[in-house]
Number of protein chains: 2
Amino acid sequence: MATPLPPRRRPTMVDVAARAGVSRALVSLVFRGQPGASAETRSRVLAAAEELGYRPDSAARLLARGRSRTLGVLMTVREPFEADLVEAIYPEAERLGYEVLLSARTPGRDEATAVEGLLAHRCEAIVLLGPDVDDAFLAELGVRTVAVVVGRAAPGLDSVHSADAEGVRQAVDHLVGLGHRAIVHVDGGTGPNAAARRTGYLDAMAAHGLADRARVLPGAYHEDAGIAAAQALLAGPELPTAVLAANDRCALGLLDTLRRNGVDVPGRVSVVGYNDDRLARLSHVDLTTVRQDAGLLARHAVRAAAARLDDPDLAPGETELTPELVVRGTTAPP
Amino acid sequence: MATPLPPRRRPTMVDVAARAGVSRALVSLVFRGQPGASAETRSRVLAAAEELGYRPDSAARLLARGRSRTLGVLMTVREPFEADLVEAIYPEAERLGYEVLLSARTPGRDEATAVEGLLAHRCEAIVLLGPDVDDAFLAELGVRTVAVVVGRAAPGLDSVHSADAEGVRQAVDHLVGLGHRAIVHVDGGTGPNAAARRTGYLDAMAAHGLADRARVLPGAYHEDAGIAAAQALLAGPELPTAVLAANDRCALGLLDTLRRNGVDVPGRVSVVGYNDDRLARLSHVDLTTVRQDAGLLARHAVRAAAARLDDPDLAPGETELTPELVVRGTTAPP
DNA sequence: CGGAGCGACTAGAGCGCTCTAGTACCACGA
DNA sequence: TCGTGGTACTAGAGCGCTCTAGTCGCTCCG
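Predicted model, so just to flag it, every value in this text is computed and none were measured.

K.L.:
Could you give me a rundown of the protein's contact with DNA strand D, with the residues and numbers involved?
P.N.:
Taken together, 25 residues lie around DNA strand D, and S23 of chain A together with R24, S28, R32 and R61 of chain B are the ones closest in. The sugar and phosphate moieties of DNA strand D supply 64% of its atoms located within 4 Å of the protein. Between DNA strand D and R24 of chain B there is a distance of 2.5 Å, counted from a base oxygen to a side-chain nitrogen or oxygen. A distance of 3.3 Å separates a base nitrogen of DNA strand D from a polar backbone atom of A60 of chain B. Listing elements by their share of the surface near DNA strand D, those giving two or more residues are α2 (24-32) and α4 (58-64) of chain A together with α2 (24-32) and α4 (58-64) of chain B.

K.L.:
Can you lay out the packing of helix α10 (residues 223-235) of chain B against helix α11 (residues 248-260) of chain B for me, pointing to particular residues and giving the numbers?
P.N.:
Residues and elements named next belong to chain B. It is the contact of α10 with α11, at a shortest axis distance of 6 Å, that shows an interaxial angle of 40°. When the axes of α10 and α11 are compared, the pair comes out oblique. In the crossing of α10 with α11, the sense of the turn from one axis to the other is right-handed. Seen from α10, the contacting residues are E223, A225, G226, I227, A229, A230, Q231 and L234; seen from α11, they are R249, C250, G253, L254, T257 and L258. Classifying every residue of the contact of α10 with α11 by side-chain character gives eight nonpolar, four polar and two charged.

K.L.:
For the interface of chain A and chain B, give the residues involved together with the corresponding values.
P.N.:
A common way to report how large an interface is uses the accessible area buried once the components associate. Across the contact, 51 residues belong to chain A and 51 residues belong to chain B. Considering only the side of chain A, the residues that lose the most area to chain B are R78, H121 and H284 of chain A, jointly responsible for 16% of the buried surface there. Where chain A packs against chain B, one counts eight salt bridges. Here E116 of chain A makes a salt bridge to R55 of chain B, at a shortest N to O gap of 2.2 Å. Joining chain A to chain B, the criterion identifies 18 residue pairs in polar contact (both at pLDDT 80 or more). Across the side of chain A that touches chain B, the residue classes break down as 23 nonpolar, ten polar and 18 charged.

K.L.:
Which residues make up the protein's contact with DNA strand C, and what values go with them?
P.N.:
Around DNA strand C, a shell composed of 24 residues is seen, among which R24, S28, R32 and R61 of chain A together with S23 of chain B lie nearest. The contact atoms of DNA strand C, taken as those within 4 Å of the protein, divide so that sugar and phosphate hold 61%. Between DNA strand C and T41 of chain B there is a distance of 2.8 Å, counted from a phosphate oxygen to a side-chain nitrogen or oxygen. The contact in question runs from a base oxygen of DNA strand C to an N or O atom on the backbone of A64 of chain B, over 3.1 Å.

K.L.:
Tell me about the nonpolar core, residues and numbers included.
P.N.:
Among the nonpolar cores identified, the biggest contains 66 residues, and L102 and L129 of chain A together with L102 and L129 of chain B are the most heavily contacted of them. Sequence-distant contacts of L129 of chain A, that is, excluding residues within four places in its chain, are made with V73, L74, M75, E82, L85, V86, I89, R105 and V150 of chain A. By size, the runner-up hydrophobic cluster in this structure holds 32 residues, among which are L101 and L138 of chain A together with L101 and L118 of chain B.

K.L.:
Let's hear about the pattern of salt bridges: which residues, and what values?
P.N.:
In total, this model carries 55 salt bridges over all chains according to the counting rule given. With its nearest N and O atoms 2.3 Å apart, the salt bridge here joins R122 of chain A to D57 of chain B. Taken as a pair, R122 of chain A in the loop between α6 (111-120) and β3 (125-129) and D57 of chain B in the loop between α3 (39-52) and α4 lie in two separate chains rather than in one. By the burial criterion, R122 of chain A is buried, and D57 of chain B matches it. With a closest N to O distance of 3.1 Å, D158 of chain B and R308 of chain B form a salt bridge. Of this pair, D158 of chain B sits in strand β5 (residues 158-162) while R308 of chain B sits in helix α13 (residues 294-310); the two residues are 150 residues apart in sequence, bridging distant segments of the chain. One salt-bridge network, in which partners are shared between bridges, spans R78 of chain A together with D84, E87, D276, R278, R281, R291 and R328 of chain B.

K.L.:
Outline the packing of aromatic side chains, supporting the account with residue identities and numerical values.
P.N.:
Residue and element names in this part refer to chain A. Evaluated as defined, the whole model comprises two aromatic pairs over all chains. Taking 5.1 Å as the distance between ring centres and 80° as the angle between the ring planes, the aromatic pair formed by F31 and Y54 counts as edge-to-face. Note that F31 is positioned in helix α2 and Y54 in the loop between α3 (39-52) and α4, a separation of 23 residues in sequence. Look at F31 and you get partly exposed, because its relative accessible area is 25%. Positioned over the ring face of Y274 is R197, at 3.9 Å from the centre of the ring.

K.L.:
How would you explain the relation of the copies chain A and chain B if you had to name every residue and give the values?
P.N.:
The relation between the two copies of this chain is a rotation about an axis and a shift parallel to it. Screw-axis analysis of chain A against chain B gives a translation of 0.1 Å along the axis, an RMSD of 0.2 Å, and a rotation angle of 180°. Here the copies are linked by what is in effect a two-fold axis. Comparing interface residues between copies, 100% of those in chain A also sit at the interface in chain B, which points to an isologous, same-surface contact.

K.L.:
Help me get a handle on the sheet that holds strand β9 (residues 270-275) of chain B, residues and values and all.
P.N.:
All names here are of chain B. A sheet is described by the order of its strands in space; here six strands give the open sequence β7-β6-β8-β9-β10-β12, paired in mixed fashion. The open sheet has two edge strands, β7 (215-217) and β12 (324-326), and neither has a second partner. In this sheet, neighbouring strand axes are inclined to one another by 25° on average, regardless of whether the strands run parallel or antiparallel. In the sheet, strand β6 (residues 183-186) pairs with β7 via three bridges, with the strands oriented parallel. Directly across from V184, in β7, lies its bridge partner R215. In this fold helix α8 (residues 164-178) packs onto β6, β8 (242-244), β9, β10 (288-291) and β12, with an angle of close to 160° to the strand it touches most, β9.

K.L.:
Outline the domain arrangement of chain A, listing residues and values.
P.N.:
Residues and elements named next belong to chain A. With domains assigned, chain A is organised as domain 1 (13-56), domain 2 (70-162 + 294-321) and domain 3 (164-292). Summarising the inter-unit geometry, the C-alpha centres of domain 2 and domain 3 are found 28 Å apart. Counting residues at the interface gives 15 residues for domain 2 and 14 residues for domain 3. Carbon and sulfur atoms make up 42% of the area that domain 2 and domain 3 hide from each other, which totals about 1,100 Å². Inspection of the domain 2/domain 3 interface yields four salt bridges. Linking R278 and E87 is a salt bridge whose minimum nitrogen-to-oxygen distance equals 3.3 Å. Summed over the shared surface of domain 2 and domain 3, the result is seven residue pairs in polar contact (both at pLDDT 80 or more). Sorting the residues of the side of domain 2 that touches domain 3 by element identifies α5 (80-95), β5 (158-162) and α13 (294-310) as the ones contributing at least two each. Element by element, the count of residues in the side of domain 2 that touches domain 3 is highest for α5, at four residues. Among the residues forming the side of domain 2 that touches domain 3, the class breakdown is five nonpolar, four polar and six charged.

K.L.:
Before we move on, can you summarise the sheet that holds strand β12 (residues 324-326) of chain A with the specific residues and values?
P.N.:
Backbone-to-backbone hydrogen bonds join strands into a sheet, with any given pair of strands oriented parallel or antiparallel. All names here are of chain A. Reading across from one edge, β7-β6-β8-β9-β10-β12 is the order of the six strands in this open sheet, with mixed pairing throughout. Each edge of the sheet is formed by a strand with only one pairing partner; in this case those strands are β7 (215-217) and β12. Strand-to-strand, the axes of this sheet are offset by a mean angle of 25°, without reference to chain direction. With three bridges joining them, strand β10 (residues 288-291) and β12 adopt antiparallel strand pairing. Bridge assignment links V290 to a residue of β12, and that residue is L325. Taken strand by strand, helix α8 (residues 164-178) contacts β6 (183-186), β8 (242-244), β9 (270-275), β10 and β12, and its axis lies near 160° from that of β9.

Basis of the calculations
Residues numbered from 1 in each chain as written. Chains lettered and ligands numbered in written order. Predicted model: local features only at pLDDT ≥ 70, side-chain atom pairs only at ≥ 80, totals over all residues. Heavy atoms only, no water. Near = heavy atom within 4 Å. Polar contact = N/O pair within 3.5 Å; in protein donor to acceptor, adjacent residues only side chain to side chain. Helix = DSSP H or I, 4+ residues; strand = E, 2+ residues; numbered from the N terminus. Axes fitted to C-alpha atoms, helices over the stretch in contact; angles between N-to-C directions. Parallel < 35°, antiparallel > 145°, perpendicular 65-115°, else oblique. Left-handed = near helix turned anticlockwise from the far one by under 90°. Contact = heavy atoms within 4.5 Å. Nonpolar A, V, L, I, M, F, W, Y, C, P; charged D, E, K, R; others polar. Buried area = accessible area lost by both parts, 1.4 Å probe. Salt bridge = Lys/Arg side-chain N within 4 Å of Asp/Glu carboxyl O. Core = buried A, V, L, I, M, F, W, Y, C linked by side-chain atoms within 4.5 Å. Buried < 20%, exposed > 50% of the residue type's maximum accessible area, 1.4 Å probe, protein only. Phe/Tyr/Trp six-rings, centres within 6.5 Å; stacked < 30°, edge-to-face > 60°. Lys NZ or Arg CZ within 6 Å of the ring centre and 35° of its normal. Least-squares fit on C-alpha atoms with pLDDT ≥ 70 in both. Pairing = 2+ DSSP bridges. Domains from an automatic or database assignment.

Put into structure tokens, the structure is as follows:
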């Protein structure tokens, strides 16, 4: 019993072929589901593979076949809206016969690094979720590979995003309709689309003849920015009657800080978010927000990538989806 | 100008070698940072590669080299605590010379599928974050590859988790110390470690002579469970003075629902979470919770994987880290 | 002056697959 | 009898790398 375990080598096609008494090529055929093997042989091969615990090596497969049929997705690991997107990307990719590889940007790992990782693993196309990089980087990436940008426009590349200005306009319309005049916007700073949302806000205010009431507070796309903005508002001379946050996470920070300081929402101040991510929908949050349909965005992105892989000469397209205001419990007449 | 673009083939080592006027092998040497190339040649090779936009193909590299030096991580895309873990895994993996590939379980994509994807991409080891599968599956995986389980014990495999019973005990001690007697536990249902936390709670209560006051409410590891539990408590004959939630997300739902129903936290009811994920730390949440050190868990997990890859005969080990109660603003004397 | 030793470089096999171009065999029709 | 066409299968090249076993000049030393 002192025999050492055989060096538990991963079984290969050769092993399966030997065991099934056929050639390597036949095994390959069977595993690719191609015709040319009799039903009887097919099942013998499958059985042999099963017994050996064989599973095709995708590196070798990748190398041999020109294509990897793998989609790389660049994401942020703690962004609820991106989580919604990722969840919707998997089924659509599978439907089109693509695998998905995820790579996360984190505080210590920038987008370039994350993308390089995906590229080295031979992803045929990269889907970038809300990338926060400059257009030059994207353009260069677009030359090197197929890239689809989700969540913002990207000149020269395929992009899928929602009409931010339109979404913000709906939110402003809603608030004005309720009777609000003092409507503040906490913006997304230099984040993706922040500029679009900001100008959308300013334009919408102007359209209602409230250009002089417009007020933009510097913010960002996370809770802390909402907290800071709320504190700034509380410290100011007078609270606005409504706040339009850069996104839901920002709105959450804002909401909570206001409430903790005794400000009734929506009684005294109305709050509107942006994205309609899972957090906003939680019944205890019940945030009025602008919905971007994550499933639709994801499906469009995957399809754009697939279409471009099928035909590289396709002109890059910008898909703009119309967002939709979802009125919930954080808005009311002033 | 009608010349079609040359079929934008990805450049290979051969191209670089040709351009630099050296052999393929030399280029390989340079890219692996091995000695054996003069500084002058080295920079010529690098320059040629740069000009061509060459990047090593990791599929081919993987195939040629026996090892892929890639770690697969199974995660849930919307779990804040797992996000903390993932963020900590990257730097540690890099330090040890491993790449990281992420694969997400989602409602429509189970753990087995996610793991298969990683395996097909030749991950040498799989790190499973809070897997919700049975031990048989884990055991089988452990035979097929190197697997490290994070967040729960796994017989026969390497695992890294914190001492849940101990963490819960600290929380109960803290509450009892504040004067609480009516302490309810909203549990994690069938989720990983839920049982450990539940018995930890029951034991701790018993240790304080409060066995007959112990009360467990069925719950789960998400906000909705917290909301439901809060509603159940509010509908009950009498509110407890303290609630110990299954995790932070559950605590959050609970907290918010209580507050929205006019229950002062911590004035009337104290709430304790579990995990200390980023959400709990947000200043507007300020949750008293049991901290599991994500960074430490992640580092241990990566190191365990690496150690086992270096020496497959290593006995599998269970690392239990001691959690630590973090007292914040949601607990006070009854 | 004849190697030994060393640094710089190359040839070529092989990693586990895919895929094209076959071969072998069996009806079946003329 | 000989194709003819179809089905079942195989041989072997090649994907882009790595890595072992070299070769080719040098310098250096006894």
